[in-house]
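# A look at the structure
The lines below spell out each chain.
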Amino acid sequence: MNFEELLAFLGRNQMLSLILAALTVAIIFNEISRLFRGFKALRPAELTVLVNRDNALVVDLRPAADFGKGHIPGSKNVQMSQFDPESKQLAPAKALPVVLVCKTGSTASDAAKRLKKAGFENVYVLDGGIGGWLQADLPLAKGRG
């Protein structure tokens with residue numbers, strides 16, 4: 001295939017060409033924004049290593065009822081509506097790794113941005129949230145913690 005054939009294909013399939021270009025730009029933008037967001041996503045196995053090796057603080061942002069049904073052992077429950085990076089629970093952990101957990105990972109990303117803005121050094125989000133933890137077949141603790 002040469003360049004002239006490629007241009008002819010693109011000319012015959014303009015809509016597909018535009019969709020391909022848009023998807024390419026979206027993927028590149030997503031990857032670049034991931035590099036500059038200031039926090040990292042962790043897989044469940046990496047979370048266990050971080051907790052065991054570096055004494056990471058795990059903060060579960062789900063509602064108290066969901067937390068009581070099952071949570072990562074050793075995690076602390078803080079509802080997103082009460083989430084404050086300067087709170088008594090979080091402020092002393094500025095130098096420690098802090099891992100945020102929610103149901104799917106999207107709420108935790110918003111909280112991670114707030115922690116980075118408040119000066120926290122090592123901020124992580126559990127990739128896939130508590131669902132990712134369950135998919136990795138890791139145990140949950142029941143009750144209020």
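See above for the structure.
Bear in mind that the values here come from a model prediction, so they are computed numbers and not experimental data. Numbers given to residues run from 1 along each chain, matching the order in which its sequence is written. Whole-chain, interface and lining totals are the exception, using all residues; otherwise, since this is a predicted model, local features are given only for residues with pLDDT of at least 70 and side-chain atom pairs are given and counted only at 80 or more. Excluding hydrogens and water, the side-chain values take into account all heavy atoms of the structure.

Turning next to the pairing of strand 4 (residues 97-101). Burial runs high along strand 4: 5 of the 5 residues are buried. Only protein chains enter the accessibility calculation, which uses a 1.4 Å probe. A residue is then buried if its area is under 20% of the maximum for its type, exposed if over 50%, and partly exposed in between. Each helix is a run of H or I in the DSSP string that is no shorter than four residues. Each strand is a run of E no shorter than two, and both are numbered from the N terminus. Alternating residues of strand 4 divide into P97, V99 and V101 and V98 and L100, and every residue in both groups is buried. Note on pairing: two strands pair once DSSP finds at least 2 bridges between them. By the bridge criterion, 4 bridges tie strand 2 (residues 57-60) to strand 4 in an arrangement that is parallel. From the neighbouring strand, L57 faces strand 4, where its bridge partner is V98.

Its place among the elements puts H71 in the loop between helix 4 (64-69) and strand 3 (76-77). For H71, a relative accessible area of 2% puts it in the buried group. For the purposes of these results, a polar contact is taken to be a pair of N or O atoms within 3.5 Å, where, inside protein, one atom must be able to donate a hydrogen and its partner to accept one; residues adjacent in sequence count only when each atom of the pair is a side-chain atom. Here F67 takes part through its backbone oxygen, which lies 2.9 Å from a polar atom of the side chain of H71.

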